[in-house]
Each structure stands twice: as structure tokens, then as C-alpha cells.
Amino acid sequence: MKIIILGAGQVGGSLAENLANEANDITVIDSDGLRLRELQDRLDIRTVQGLASYPTVLRQAGAEDADMLIAVTNSDETNMVACQVAYSLFRTPSKISRVRANAYLARKELFGENGFPVDVLISPEHLVTQHITRLIEYPGALQVLEFSNGLVRLVAIRATEGGPLVGHELSYLRTHMPRIDTRVAAIFRKDRPIIPQGDTVIEDGDEVFFIAGTDHIRSVMSELQPLEKPYKRIFICGGGNIGQRLAHTLENRYQVKLLERDRDRCVMLSENLRKTIVLEGNAANKDILLEENIESTDVFCAVTNDDEANIMASLLAKRLGARKVLTLINNPDYVDLIQGGEIDVAISPQQTTIGSLLTHVRKGDVVNVHALRRGAAEAIEAIAHGDHRSSRVVGKRLDEIKLPQGTTIGAIVRHNEVLIAHDHLRVQPDDHVILFLVDKTRIREVEKLFQVGLTFF
């Protein structure tokens, strides 16, 4: 595909890297020449320096014959106008825009047929809020991903001593939980992927990815680590867009406190949030945290725009007794550095956003993409089309499908029924197939499996 990416920041740069590695024709536009040079030194891409919404700049980038425009600059207005220009002047078929401000997102009539011609709206704040909310719903999880409108979930969890399955072969799970069907899609041991077999032994410290129907998630988690008590008290550090959204999402189910430095912002938050206790102050102040009983807090979420402030506040909260700390980290180089130590989960907004963007870039009928393990692995939901003559998967048993190395099928959703993958299962037309790739360089081979041959037409 010929794709133009507007913005060479964290999201634009990471997206360019993902897509360039998959043999797409990528052009990146940004007004910052230094950023563009850094990207070009690392990747096989074209770059154009200039303002992303200018018609002359878009023409220079090849908008006249581009398949897709992805606008992820830091300016909502630039992104929206660029989509309008691409549509009006160049008839670009597919236009994706990142829009952050709730003032725009709340007015659906601004987009679509009679508004800005944006085919797909991406809101990083909304995606990050969803991500954190799921982690709070499932105490102990490292990542919780949804497929098929929430019928199926893929959960990453650290196996710890005391979990009944730890030290046993995977086949023991079926004996121990005969009424619950689940599939372990992958195991990462000391950062190396293991494709699970029935005789694979789960070890203490393994990062285990499993798929199950949403109703069975907690039961399977209890096999891999002693089940944590549900969370009640949530402390949010940072009252920006994410902090506000998170408090609004959680305040009806949990006791929520939100700490914000800016007085005017505190006033606005206290007027807009109904049950959240809004506090003014700095999270790096030990006395404030002690005064607010941080030792009895179940989850401390640091979601300011400053990585260093988030890290320091999280470390302080953990030392003072917070049960679990979740930390928002924009710099991808920090994520591996800090996760798994005193900070329980590091959340990368660009990895959360990129999965959503990739859903619209993948070939074949791909309806969900999630980036895993900082983008090294991927989980996708693809719909099988065609028949046994035109499709490489329809009509075949799962053990007959030639999957690329390092790829596993975790589940199939058929007419809203969840079927956990077993060798004897046959793929039928319109099945939603959920796959896990430990090596995302194989994505092209997976896409080809789900593309319908000419005989279908």
C-alpha cells in the first residue's frame, strides 16, 4: 500500500517503523527536519518537510495516488484539515485521523458525510483509558485485549508460585478445570517466545498469554497466580485528558481520588466529575500521599504528560505502600527499563494506539489488531470468507491449515458462540478467527491466508 503518515512524533514514527517493515510504500510529512532525518536514517521511507495540511506539501508526498492518509500530528486541527484537503483535492480513498479534544469528539456530526471526511477517528486518550480500565477490572493482569465485541479476551499474566498450574504441564489445566475451555497462545520466558504444547511446563516468572471467553477469564487467571482481591480504592495522578476520562469511567464503581497540580484545572475537574475526590497538589510530595492514606490504595495510576514525573510518583507511591502501580510512559525506551520492578505495569500510549491504526491497514478482512510486548508480537481477529475452493482456511480443520512459524489460532467466534481452538475444529465461512503471532514479520503470510482467491468471484 502507498501510505502517507502526517506527523513524525512517537505514534507517527512507531507506525512508520511497523509499516515500513511490512514492505509498504511509506512517506512521512513533518515540519521538523531533524525528526525526519532520524527516521530516514533508520527506515526505508520517503520524507517531506512542511506543514501537513498544505495542498502543495501533500502533492509533493504523492497524495494524488496514495491509498491511505494517516494524520497523527499533535494538532487535531491540522489532522482534520489534512483529511479534508486529501478528500477534496486528491480523492484519497482512506483517511484516518487522530483527534484528542473531547470538544470535537463529542460532536459526531462534525465527521462523516456532511462534516470532515474522516473515515476512521482514533482517540489515544480513549484507547488508553479502556486499556487501564481493563487492567483494573482484572487484578494481576499485565494486558487485557478484547475481540468480537468483548465475547473473547486475550490476557497476559505473570505466572507466580502458588498458582495451581505453575510447575505443571499445560495438559494438567484440562484435568483440573474440565468445564472451562481455554487456550494458551504463547509463553514468554526471559523474553524468549515459546510456542506452547501439551507437555510445556509453566515456570514461575513466565509471561503467559491465554485466550478464553470473557466469563472464564478470572478462573483461568487463578490457575496461574494466587487470585488478587478486587480493587476498591483508585488514586489517579494527573488530571489531563486521560486522568479526567479515567476518573469519569471508574467513579461509579470504585472510590476514586484524583491529584492535579493546576488550581484552575482542579476547579474544572471538580465541577465535571460527580463522585471523584479532586485534590490539588504535587504527587512527588510525600506528605500529600501519606495524608491521603496511600498505603491503603489498591491502584495508583500516574497519567501526567511527563514520563519522569510519572515514574518518580509511582516509585514513591509504591514505597509508601500502594498495592499496585500503573505508569503511563510515552518514551518507548523507558518501558522495558522500568516494567516488572517496583512499577507493576508500564503503559505505552503509542503501542495502544498503533494496534488500532494497524486494524485499518491490514489486508484481508481484519477487524481487530493488538500490538503486544512493545510491538514485537501481535494478536489479530480476521474473518474467513469464500469456500473450500477459494479460501486457504475455509473448510479446513485447524491442524490442516499451514500457519506461518510462531503463529497459533486461539479461538473462533461463530454466530456469537466462542469456540476455543482445537485441532478437530473446521473453519466455516464468516468465522472470526483470533490468531497470535510471536513474530510479527510473518503478518503478510497470515494476511494471505485470509485473502479470497479469484475463484470465489
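(A) Representation of the sheet that holds strand E18 (residues 366-372) in the model. The sheet built from five strands is open, its strands ordered E18-E19-E22-E20-E21 with antiparallel pairing. Of all the strands in the sheet, the pair left with one neighbour each is E18 and strand E21 (417-420). When the angles between neighbouring strand axes are averaged without regard to direction, this sheet yields 20°. As paired elements, strand E20 (residues 407-414) and strand E22 (residues 432-437) share six bridges and run antiparallel to each other.

(B) Geometry of helix H2 (residues 33-42). Every buried residue of H2 is listed here: Gly33, Leu36 and Leu39. Projected down its long axis, H2 carries its buried residues within an arc of 125°, all on one side. Facing away from the buried side of H2 by over 90 degrees, the exposed positions are Leu34, Arg37, Asp41 and Arg42. Where H2 is buried, its residues touch helix H1 (10-20), strand E2 (25-30) and strand E3 (46-49). For H2, the side-chain oxygen to backbone nitrogen distance between the N-cap and Leu34 is 3.0 Å, and the N-cap itself is Asp32.

(C) Structural view of the environment of Arg153. Here Arg153 lies in strand E8 (residues 152-158). The class of Arg153 is buried, set by a relative accessible area of 9%. In the structure, Arg153 is positioned 47 residues away from Thr200 in sequence and 22 Å away in space, judged by C-alpha atoms. Here the side chain of Arg153 touches Glu146 through a polar contact of 2.3 Å, side chain to side chain.

(D) Local environment of the environment of Thr327. Secondary-structure assignment places Thr327 in strand E16 (residues 324-328). Residues contacting Thr327, with those up to four places away along its chain left out, are Ala302, Asn310, Ile311, Ser314, Ile343, Val345, Ala346 and Ile347.

(E) Structural detail: the confidence of the model for the chain. Model confidence for the chain is summarised by a mean pLDDT of 89, while 97% of its residues fall at 70 or above. For the chain, per-element mean pLDDT is lowest for helix H13 (residues 332-338), which scores 74, and highest for strand E12 (residues 233-237), which scores 97.

(F) Region of the structure containing the sheet that holds strand E17 (residues 345-347). With parallel pairing, the six strands of this open sheet are ordered in space as E14-E13-E12-E15-E16-E17. Bordering the open sheet on either side are strand E14 (277-280) and E17, each of which pairs with just one other strand. The average undirected angle you get between the axes of adjacent strands in this sheet is 20°. Bridge analysis of E12 against strand E13 (residues 255-260) gives five bridges, and the strand direction is parallel. Residue pairing in the sheet places Ile234 in a bridge with Val256 of E13. With respect to the sheet, helix H6 (residues 124-137) is in contact with E12, strand E15 (299-302), E16 and E17, its orientation differing from that of E17 by roughly 165°. Each of E12, E13, E15 and E16 is contacted by helix H9 (residues 241-250), which is oriented at about 165° to E13, the strand it contacts most.

(G) A look at unusual backbone geometry. The phi dihedral of Asn149 falls on the positive side, at around 55°, and the residue is not glycine. Along the chain, Asn149 falls in the loop between strand E7 (141-147) and E8. Its relative accessible area of 83% is what places Asn149 among the exposed residues. Of note in the backbone geometry, Asn293 takes a positive phi value of approximately 55° without being a glycine. Examined against the element boundaries, Asn293 turns out to sit in the loop between helix H11 (286-291) and E15.

(H) The arrangement of the pattern of salt bridges in detail. As enumerated under the stated definition, the model contains 26 salt bridges in all. Linking Arg158 and Glu207 is a salt bridge whose minimum nitrogen-to-oxygen distance equals 3.9 Å. A residue pair is termed long-range when its members are at least 10 positions apart, and Arg158 in strand E8 and Glu207 in strand E11 (residues 207-213) qualify at 49 residues. Under the relative-accessibility criterion, Arg158 is labelled partly exposed at 29%. Judged by relative accessible area, Glu207 falls into the buried class, the value being 8%. Connected through salt bridges with shared partners, the residues Arg134, Glu137, Glu146, Arg153 and Arg253 form a single ionic network.

(I) Examining the packing of H6 against H9 more closely. At their nearest, the axes of H6 and H9 sit 9 Å apart, and the two run at 45° to each other. The orientation of H6 relative to H9 falls into the category oblique. Relative to H9, the crossing made by H6 is right-handed. Counting all contacts with H6, which are made through Glu125, His126, Val128, Thr129, Ile132, Thr133 and Ile136, the residues of H9 involved are Asn241, Ile242, Arg245, Leu246, Thr249 and Leu250. Here the contact of H6 with H9 is composed, by residue class, of six nonpolar, five polar and two charged.

(J) Summary view of the nonpolar core. Ranked by internal contacts, the top residues of the largest apolar core, which has 65 residues, are Ile136, Leu154, Phe210, Ile234 and Phe436. With near-sequence residues (within four places) excluded, Phe210 lies in contact with Arg153, Leu154, Val155, Ile157, Thr182, Arg183, Val184, Ala185, Ile217, Val220, Met221 and Leu224. Counting residues in hydrophobic clusters, the runner-up holds 47 residues, among them Leu19, Ile401, Ile412 and Ala421.

(K) Molecular detail of the packing of aromatic side chains. Considering all chains together, one arrives at four aromatic pairs under this definition. Ring plane angle 40° and centroid distance 6.4 Å describe the contact between Phe111 and Phe116, whose orientation is recorded as tilted. Take Phe111: its relative accessible area is 12%, and that puts it in the buried class. According to the relative accessible area criterion, Phe116 is partly exposed, its value standing at 23%. Ring centres of Phe188 and Phe209 lie 5.8 Å apart, and the angle between their planes is 75°; on these two criteria the pair is classed as edge-to-face. Pair noted here: Phe188 is in strand E9 (residues 182-189) and Phe209 is in strand E11, with a separation of 21 residues, a long-range link. Given a relative accessible area of 6%, Phe188 falls into the buried group. Residue classification places Phe209 among the buried residues on the basis of a relative accessible area of 1%. Connected via pairs of aromatic rings, a cluster forms that spans Phe188, Phe209 and Phe436.

Conventions adopted
- Residues numbered from 1 in each chain as written.
- Predicted model: local features only at pLDDT ≥ 70, side-chain atom pairs only at ≥ 80, totals over all residues.
- Heavy atoms only, no water.
- Pairing = 2+ DSSP bridges.
- Helix = DSSP H or I, 4+ residues; strand = E, 2+ residues; numbered from the N terminus.
- Axes fitted to C-alpha atoms, helices over the stretch in contact; angles between N-to-C directions.
- Buried < 20%, exposed > 50% of the residue type's maximum accessible area, 1.4 Å probe, protein only.
- Arc of directions from axis to C-beta.
- Contact = heavy atoms within 4.5 Å.
- Polar contact = N/O pair within 3.5 Å; in protein donor to acceptor, adjacent residues only side chain to side chain.
- pLDDT = per-residue confidence, 0-100.
- Salt bridge = Lys/Arg side-chain N within 4 Å of Asp/Glu carboxyl O.
- Parallel < 35°, antiparallel > 145°, perpendicular 65-115°, else oblique.
- Left-handed = near helix turned anticlockwise from the far one by under 90°.
- Nonpolar A, V, L, I, M, F, W, Y, C, P; charged D, E, K, R; others polar.
- Core = buried A, V, L, I, M, F, W, Y, C linked by side-chain atoms within 4.5 Å.
- Phe/Tyr/Trp six-rings, centres within 6.5 Å; stacked < 30°, edge-to-face > 60°.

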